[in-house]
Amino acid sequence: QVQLVESGGGLVQAGGSLRLSCIASGRTFSTYPMGWFRQAPGKERESVATISWSGSSTYYADSVKGRFTISRDNAKNTVYLQMNSLNPEDTAVYYCAATDRMYGNTFRIRDYNYWGQGTQVTVSS
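Residues numbered from 1 in each chain as written. Predicted model: local features only at pLDDT ≥ 70, side-chain atom pairs only at ≥ 80, totals over all residues. Heavy atoms only, no water.

Caption draft 1: Inspection of the state of the cysteines at higher detail. The tally for this structure, following the rule as stated, stands at 1 disulfide. The disulfide partner of Cys 22 is Cys 96, and the S-S distance across this bridge is 2.1 Å. One disulfide, between Cys 22 and Cys 96, carries an S-S torsion of -75 degrees and so falls in the left-handed class. Here Cys 22 is found in strand S3 (residues 18-26), whereas its partner Cys 96 is found in strand S9 (residues 92-98), with 74 residues between them in sequence. (Disulfide = S-S within 2.5 Å. Helix = DSSP H or I, 4+ residues; strand = E, 2+ residues; numbered from the N terminus.)

Rendered as structure tokens:
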């Protein structure tokens, strides 16, 4: 089993920045693709950014390309999401997830089988 705990969410003004962190415990974190996903009120959960186990491959949603950066530090069992130029449309609960079902990077939500509890990000206009 893998346990995931997110932190770093909060309230920020439009144009501001936040960095989310996700610490993993349990099994071999460094071999798992990881990702960040978000769900806004009344909307389905969507993929935001994902990263391969080595960090060499990353995928981003079109809506966040150029503004968000995903990274990981396997020595610290941590994956990060740096979010810049935030706008109110980024308001959502952000979830960290991992998968032991895939070897390579994957952007599909259904491929992820370990999830954190989520952290709220609110961007005011």
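Further notes follow.
Caption draft 2: Broad picture of the nonpolar core. Leu 4, Met 34, Trp 36, Leu 81, Met 83 and Tyr 94 are the most contacted members of the largest nonpolar core, which totals 31 residues. Counting residues per element, the ones that place at least two in this core are strand S1 (2-7), S3, strand S4 (34-39), strand S5 (46-51), strand S7 (68-73), strand S8 (78-83), S9 and strand S11 (119-124). Leu 81 has contacts with Leu 18, Arg 19, Leu 20, Trp 36, Val 48, Ala 49, Phe 68, Thr 69, Ile 70 and Tyr 94, leaving out every residue within four places of it along the chain. (Core = buried A, V, L, I, M, F, W, Y, C linked by side-chain atoms within 4.5 Å. Buried < 20%, exposed > 50% of the residue type's maximum accessible area, 1.4 Å probe, protein only. Contact = heavy atoms within 4.5 Å.)

Caption draft 3: Structural view of the pairing of S4. Among the 6 residues in S4, 5 count as buried, and that is most of the element. By the bridge criterion, 5 bridges tie S4 to S5 in an arrangement that is antiparallel. Within the sheet, the bridge partner assigned to Gly 35 lies in S5 and is Thr 50. In this structure, S4 lies alongside S9, joined through 6 bridges in antiparallel fashion. When the bridges of S9 are listed, Met 34 appears paired with Ala 98. (Pairing = 2+ DSSP bridges.)

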